[in-house]
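Residue strings, one per chain:
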Amino acid sequence: MASHGARGRGGGRPTLEEVAARAGVGRGTVSRVINGSPRVSDATRAAVEAAVAELGYVPNTAARALAANRTDAIALVVPEPETRFFAEPYFSDMLRGVGAALSDTEMQLLLIFAGSDRERQRLADYLAAHRVDGVLLVSVHADDPLPDMLAQLEIPAVISGPRSAAETLTSVDSDNYGGARQAVEHLIGRGRRRIAHITGRLDVYGAQRRVDGYRDALRDAGHPEDELMIEAGDFSEEGGRGAMAALLERRPDLDAVFAASDVTAAGARHALREAGRRIPEDVALVGYDDSAIARHMDPPLTSVRQPIEEMGRSMIDLLLAEVADRRPPVSRELDRRQVVLATELVARASS
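Residues numbered from 1 in each chain as written. Predicted model: local features only at pLDDT ≥ 70, side-chain atom pairs only at ≥ 80, totals over all residues. Heavy atoms only, no water.

Time to look at the overall build of the chain. Along the backbone of the chain there are 14 helices and 12 strands. By the burial criterion, 51% of the 351 residues in the chain qualify as buried. A separation of at least 24 residues holds for 71% of the contacts in the chain among residues at least 6 apart in sequence. Element-wise, carbon and sulfur atoms account for 50% of the exposed surface of the chain, whose accessible area totals about 16,500 Å². (Helix = DSSP H or I, 4+ residues; strand = E, 2+ residues; numbered from the N terminus. Buried < 20%, exposed > 50% of the residue type's maximum accessible area, 1.4 Å probe, protein only. Contact = heavy atoms within 4.5 Å. Areas by Shrake-Rupley, 256 points an atom, 1.4 Å probe, with all protein chains shown as cover.)

Shown next, in the form of structure tokens:
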């Protein structure tokens, strides 16, 4: 029985050459097996893996990364204040999906906040030093300079939702337009006729698409357009509360509200109750995200489920593919992908 343990011939760490000698193959073959290359036969792979186990060989990931001009690190960049990140379930669900996708790799995940000019400059200096292999950019606003900065630095990047219909970076998003249509069509199907909408931040393309879906669903059902039934929000609870109060003042006869997020819907519920409106008897309420907030509200909130964890996993898959693609960025332009995942309405007692 082999008794090498974690020691090589010289009493130190086993080397790649010793693994190759034990398996009866070349050094390059061992490297291909360790790096998961498919260009190795099953028998050879089994021999190398057995030698690795017998010798207790541990790959030197730092040396491998250096040789490949890689850091084995991915940055998840959030251009929002930390308070919003920890207050909204969207971000924790996204982080969970990203973490799950990275769990079977050797990549490290760095969480970086870049909500202020100072933080963005610090991030630019950090990325310019090539300390990460790629960047995931979450919650991007239309005028955010970060995507262009990443392009200039030639750093592989994937963003959660395009900045516009003409997005040039690879992105992963849910069907914001279709989700909004589902919400409004559901309310119409429940007999509601005066349906208001509290938007998200309108410098976010996804929020704009939800407004489009809301408008088109009403128009297709023969309902007259009424811009006074739309109130700008910011995805926050306080924003939802203020927007709901403004809508009630303008349109006290409204009988339904579609809110751009569950957090916003929670704020709207407070304003409705303060105004003496019952949910859903007087006003039906629908949110967006299908977060834990939706399930624990009183009454439980009807919400549009977007697959946030799946979005995080898809972002990682696309980013790792870009990291592995060593072609110059210009030659990758035609490969940019805009992935859109389906949404689903989850009906509960609030509507």
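The next point concerns the sheet that holds strand β4 (residues 157-160). Strand order across the open sheet formed by 6 strands is β2-β1-β3-β4-β5-β11, with parallel pairing between neighbours. Edge positions in the sheet fall to β2 (108-113) and β11 (338-341), since each has one partner strand and no second. Here the average twist between neighbouring strands, direction ignored, is 20°. Here 3 bridges tie β4 to strand β5 (residues 170-174), and the two strands are oriented parallel to one another. The partner of S160 across the bridge, within β5, is V172. Contacts between helix α6 (residues 89-102) and the sheet are confined to β1 (73-78), β2, β3 (134-137) and β4, with β2 contributing the most and set at about 155° to the helix. (Pairing = 2+ DSSP bridges. Axes fitted to C-alpha atoms, helices over the stretch in contact; angles between N-to-C directions.)

Moving on, we come to the sheet that holds strand β10 (residues 302-305). With respect to topology, 6 strands assemble into an open sheet ordered β7-β6-β8-β9-β10-β12, the strand pairing being mixed. One side of each edge strand has no neighbouring strand; the edge strands of this open sheet are β7 (230-231) and β12 (344-346).

Counted at 1.5 Å a residue, the expected span for α6 with its 14 residues is 20 Å, and the 20 Å between its end C-alpha atoms agrees. Along α6, the positions that sit buried rather than exposed are P89, Y90, F91, D93, M94, G97, V98, A101 and L102. (Expected span 1.5 Å × (residues − 1).)

Take the packing of aromatic side chains next. Applying the stated rule across the entire model yields 6 aromatic pairs. Relative to F91, the ring of F85 lies with its centre 5.4 Å away and its plane at 35°, an arrangement referred to as tilted. The two residues F85 and F91 agree in class, both being buried. With 6.4 Å between their ring centres and 50° between their planes, F258 and Y288 make a pair best called tilted. With F258 in strand β8 (residues 256-259) and Y288 in strand β9 (residues 284-289), this residue pair connects regions lying 30 residues apart in the sequence. Ring pairs connect the aromatic residues F85, F86, Y90, F91 and F113, which therefore count as one cluster. For the cation-ring pair, R210 lies above Y288, with the distance from its terminal atom to the ring centre recorded as 3.7 Å. (Phe/Tyr/Trp six-rings, centres within 6.5 Å; stacked < 30°, edge-to-face > 60°. Lys NZ or Arg CZ within 6 Å of the ring centre and 35° of its normal.)

Glancing now at the packing of helix α1 (residues 16-23) against helix α3 (residues 42-55). Between α1 and α3, the shortest axis-to-axis distance is 8 Å and the interhelical angle comes to 120°. Of the possible angle classes, the one that applies to α1 and α3 is oblique. Between α1 and α3 the crossing geometry is right-handed. In this structure, α1 uses E18, V19, R22 and A23 to contact α3, whose residues at the interface are A47, V48, A51, V52, E54 and L55. (Parallel < 35°, antiparallel > 145°, perpendicular 65-115°, else oblique. Left-handed = near helix turned anticlockwise from the far one by under 90°.)

Here we come to the pairing of β1. For β1, a buried count of 6 out of 6 residues is recorded, marking the element as mostly surrounded by other parts of the structure. Burial along β1 is two-sided: the residues A73, A75 and V77 and I74, L76 and V78 are all buried. Of the strand pairs in this sheet, β1 and β2 are connected by 6 bridges, and their pairing is parallel. Each residue of the ladder has a partner; that of A75, found in β2, is L110. Here β1 pairs with β3 via 4 bridges, running parallel. Paired with V77 across the bridge in β3 is L137.

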